[in-house]
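In case you want the letters, here they are:
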Amino acid sequence: MTAISDRQKLAYVNAQAADGRVNLEFETEEGMTLNMGPQHPATHGTLRIVAKLDGEQVIHCEPVMGYMHRGYEKLLEVRTYPQVNTLVNRIDWLGSFTNEVPFILASEKLMGVEAPPRAQWIRTILFELGRIANISLFLGDTALHMGGMTAAFYAFRDREFVLNQIEAVTGGRFHPNFDRIGGLKDDFPKGWIADTKAVMARLRDFCDEIEDLVVGNEIFQARTRGIGIIPGDIAQSYGLSGANLRASGVDWDLRRDVPVGLAWDQCDWTVWTHPDGDSFSRYWVRLQEVREATKIVDQLCDGLPSGPIMAKVPRIIKVPEGEAWVATENPLGEMGYYVVSKGDLGPFRVKIRTASFNNISVIPWVTRGVYVPDVISILASLYFILGDIDR
Amino acid sequence: MSDAPAPETDERRDRLVEVLRSELGDRVVDSLVKPGDDVWVRVATDAWQETGRVLRDALRCNFFDFLSAIDWLPSPFGKSEDSPLDQRPALSTDIVTGYAGGETRFQVFARVTSLPERVSITVKADVPLEDLAVDTWSAIYSGANWHEREIHEMYGIGFRGHPYLAHIYLPGDFEGHPLRKDFPLLARHVKPWPGIVDVEPMPDEGDDAEAEGDAAAEGAE
């Protein structure tokens, strides 16, 4: 049996399943095919996993996506630069402000505009709040996949406070659409900083709670320790980024290593790595990431410079000819925009590099030979947002 | 993006180009280094796979960012924002390529990063229309596998030696290559862009300076 024929069979099963003729299990001559999704709870949306099994072991596992492909790269070609913001908000919908920032930075780079310091600091604060809102949900959600209901409720409860803070500034809980070329739409409202610091203290308590409740839990450890090990070189070759890369022992964080003008270098925080590369370490690294993010927000709130929040930009934004790439360390990993401008009101071509697309491309590799329940643990710990895969 | 003026030369990025030139010879067609910012290198089509190998092995650019393609043909549909009543202005069909040049309508480009050196590089290669394919990178960077599948369905560019070049996003029987510029954005053709109905026309070149003056005046207030 060659690899190609294997894949052809899988493609056949995919087609069958897509037509609704196969629902759950499908007998083939050398094993069983298990179809998870597109509505499986472990898939955060509409990702489908087609796994070929030999008994309880996975022989080959192929993610099937595209159920949410919205064609943003094509749509952005008929948008003006300010209009792009609205669309890209919807890529990673849990940390949406973080989607805007790299695109705005890339446009600013092409225009030679630099946002004033206060705007950069506020951007950084909102960026980190987006990270907390995103990853705190992961912390609860992953526990849910391992059978622990409580953590999910805690996560939703405490995430709400972060969303309230984002809403107080931007007016939007999910899609702030707040970043502008040259600065920001608005400043912080009165009293916001004190409230935010209280919320950050609360989030640190939440992290401690999660540490007690989930990380120390025997069942959780049994389900995640030593499961889905990704070595550092494999992670790099697949372009895994963010916590998935750091959990494989690779010390790389764009916030620290590739400065883009935001205020991360103004405060004191740590990039955590874990040498194990398993599901547990991915969870653990993300937990530390939330802790560090609360520290960053606290410090930036203390040292917020005064001044304008908008640089002088023309009312009609035309971006000079050129190409620019800006990537930032988003909650899910490296997210970047390769913007090609021809000097028009809108971009000529935008390549959106999202973290989840690369992060889950490792699934066929990492699930080879694991047991079925471990697929859930690996999927959950790799952490993806469907909008971030399908764009 | 710092207050310090951009440096005149950039040793780390110059070195990348130098090593590529010494390994590939004159198959490095063009290069552009923006000191302190970024570097672009264009290689010959037949050197595409070897470029990946040199980047990974000789330059230790182990981290795979992305692989993508671009269609340099100006869109024959413009921004698809014209009302049906308007006379559509004649659109240019000249192909003007970007940094590090190019001779063909389609180009593939990829970006990889050397984590220890903290430097990234964008490499490009022309893809001739008569043979719309390049060699695959999927054996060099595992992550390229899915990116090449995406490019294959979106642009119709083939990747020789790719293990499984099936559709990744689009339905299996989808016809056409959506990201090509001559593929119409059907939503805009079925129903005119609603934004065009009520708004004033965009000021043309002459009004631009005035608009900038307004913005400056606002800033002064």
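The structure displayed is predicted, hence computed values, not measured ones. (Residues numbered from 1 in each chain as written. Chains lettered and ligands numbered in written order. Predicted model: local features only at pLDDT ≥ 70, side-chain atom pairs only at ≥ 80, totals over all residues.)

## Structural notes on the overall build of chain A
Moving on, step 1. Within chain A one finds 16 helices and nine strands.
Moving on, step 2. Computed over its C-alpha atoms, the radius of gyration of chain A comes to 21 Å, within 12% of the 21 Å expected for a compact globule of 391 residues.
Moving on, step 3. Projected onto its principal axes, the C-alpha positions of chain A cover 70 × 50 × 35 Å.
Moving on, step 4. Looking at chain A as a whole, 54% of its 391 residues are labelled buried.
Moving on, step 5. The contacts in chain A between residues at least 6 apart in sequence include a share of 71% that link residues at least 24 apart. (Helix = DSSP H or I, 4+ residues; strand = E, 2+ residues; numbered from the N terminus. Rg over C-alpha atoms; globule rule 2.2 N^0.38 Å. Buried ≥ 20, exposed ≤ 12 C-beta atoms within 10 Å, placed from the backbone. Contact = placed C-beta atoms within 7 Å.)

## Quick notes on the sheet that holds strand E9 (residues 349–353) of chain A
All names here are of chain A.
Moving on, step 1. Strand order in this open sheet of three strands is E7-E8-E9, and the pairing throughout is antiparallel. In the strand order of this sheet, the two ends are held by strand E7 (322–330) and E9, each with one partner. Neighbour to neighbour, the strand axes of the sheet diverge by 10° on average, direction disregarded.
Moving on, step 2. On top of the sheet, helix H4 (residues 96–111) reaches E7 and strand E8 (333–341); it is set at about 150° to E7, its chief contact. (Pairing = 2+ DSSP bridges. Axes fitted to C-alpha atoms, helices over the stretch in contact; angles between N-to-C directions.)

## As for the interface of chain B and chain A
Moving on, step 1. With 43 residues of chain B at the contact, the number on the chain A side is 42 residues.
Moving on, step 2. Top element by residues in the side of chain B that touches chain A is helix H6 (residues 205–220) of chain B. It accounts for seven residues.
Moving on, step 3. Here the side of chain B that touches chain A is composed, by residue class, of 22 nonpolar, eleven polar and ten charged. (Nonpolar A, V, L, I, M, F, W, Y, C, P; charged D, E, K, R; others polar.)

## A look at helix H15 (residues 372–382) of chain A
All names here are of chain A.
Moving on, step 1. With respect to burial, H15 is a largely interior element, nine of its eleven residues being buried.
Moving on, step 2. Taken together, the buried positions of H15 are Asp-374, Val-375, Ile-376, Ser-377, Ile-378, Leu-379, Ala-380, Ser-381 and Leu-382.
Moving on, step 3. Note on H15: the residue one or two positions beyond its end, Tyr-383, has a positive phi of about 60°.

## Here we look at the packing of helix H6 (residues 149–170) of chain A against helix H7 (residues 192–215) of chain A
Residue and element names in this part refer to chain A.
Moving on, step 1. As a packed pair, H6 and H7 sit with axes 10 Å apart at the nearest point and diverge in direction by 165°. Judged by the inter-axis angle, H6 sits roughly antiparallel to H7. Considering only the axes of H6 and H7, their crossing is left-handed. Two secondary-structure elements touch here, H6 through Thr-150, Ala-151, Tyr-154, Asp-158, Phe-161, Val-162, Gln-165, Ala-168 and Val-169 and H7 through Trp-192, Asp-195, Thr-196, Val-199, Arg-202, Leu-203, Phe-206, Glu-209, Ile-210, Leu-213 and Val-214. (Parallel < 35°, antiparallel > 145°, perpendicular 65-115°, else oblique. Left-handed = near helix turned anticlockwise from the far one by under 90°.)

## Quick notes on the pairing of E9(A)
Residues and elements named next belong to chain A.
Moving on, step 1. For E9, the tally of buried residues reaches five of five residues, placing the bulk of the element in the interior.
Moving on, step 2. Across the two faces of E9 the burial is the same, with Arg-349, Lys-351 and Arg-353 and Val-350 and Ile-352 all buried.
Moving on, step 3. The pairing of E8 with E9 spans five bridges and is classified as antiparallel. Along E9, the bridge assignment pairs Val-339 with Val-350.

## A look at unusual backbone geometry
Residue and element names in this part refer to chain A.
Moving on, step 1. Positive phi, normally seen in glycine, also occurs at Asn-177, with a value near 50°.
Moving on, step 2. If you trace the backbone, Asn-177 turns up in the loop between H6 and strand E5 (179–180).
Moving on, step 3. What makes Asn-177 partly exposed here is the crowd of 18 C-beta atoms within 10 Å.
Moving on, step 4. Phi is positive for Tyr-383, which is not a glycine, with a value near 60°.
Moving on, step 5. Of note, Tyr-383 is situated in the loop between H15 and helix H16 (386–390).
Moving on, step 6. Assessed through the 28 C-beta atoms surrounding it within 10 Å, Tyr-383 is described here as buried.

## Quick notes on H6(A)
All names here are of chain A.
Moving on, step 1. Compared with the 32 Å implied by 1.5 Å per residue over 22 residues, the 31 Å span of H6 between its first and last C-alpha is a close match.
Moving on, step 2. Of the positions making up H6, those classed as buried are Ala-151, Ala-155, Asp-158, Arg-159, Val-162, Gln-165, Ile-166, Val-169 and Thr-170.
Moving on, step 3. Structurally, H6 contributes buried residues whose contacts are with helix H5 (117–145) and H7. (Expected span 1.5 Å × (residues − 1).)

## Comments concerning the pairing of strand E3 (residues 48–54) of chain A
Residue and element names in this part refer to chain A.
Moving on, step 1. Of all seven residues that make up E3, five are buried, and the element is covered over most of its length.
Moving on, step 2. Judged from the five bridges that link them, strand E2 (residues 31–36) and E3 form a sheet pairing that is antiparallel. Each bridged residue has a counterpart across the sheet, and for Leu-34 the counterpart in E3 is Ala-51.
Moving on, step 3. Here E3 runs beside strand E4 (residues 57–64); their pairing, made up of seven bridges, is antiparallel. Bridge pairing links Arg-48 to Val-64 in E4.

## Some thoughts on the sheet that holds strand E4 (residues 106–114) of chain B
Residue and element names in this part refer to chain B.
Moving on, step 1. Sheet architecture is open: five strands sit in the order E1-E2-E5-E4-E3, paired in mixed fashion. With one partner strand each, in any of the chains shown, strand E1 (28–34) and strand E3 (63–71) form the two edges of the open sheet. Looking at each pair of strands side by side, their axes are set apart by 15° on average, direction ignored.
Moving on, step 2. Those strands touched by helix H3 (residues 144–155) are E3 and E4, and its axis lies near 10° from that of E3.

## Details of the environment of Val43(B)
All names here are of chain B.
Moving on, step 1. Structurally, Val-43 can be placed in strand E2 (residues 38–43).
Moving on, step 2. Note on Val-43: 24 C-beta atoms within 10 Å, which makes it buried.
Moving on, step 3. Between the C-alpha atom of Val-43 and that of Val-123, which follows or precedes it by 80 residues, the distance is 7.2 Å.
Moving on, step 4. Ignoring sequence-local partners within four residues, the contact set of Val-43 consists of Leu-24, Arg-27, Val-28, Val-29, Trp-48, Thr-51, Val-123 and Ala-125.

## Things to note about the confidence of the model for chain B
Residues and elements named next belong to chain B.
Moving on, step 1. In this model, chain B carries an average pLDDT of 77, and 76% of its residues clear a pLDDT of 70 or more.
Moving on, step 2. Taken together, the stretch residues 209–221 has pLDDT below 50 and engages in twelve contacts with residues farther than four places along the chain or on a different chain.
Moving on, step 3. Predicted complex metrics record ipTM = 0.81 and pTM = 0.82. (pLDDT = per-residue confidence, 0-100.)

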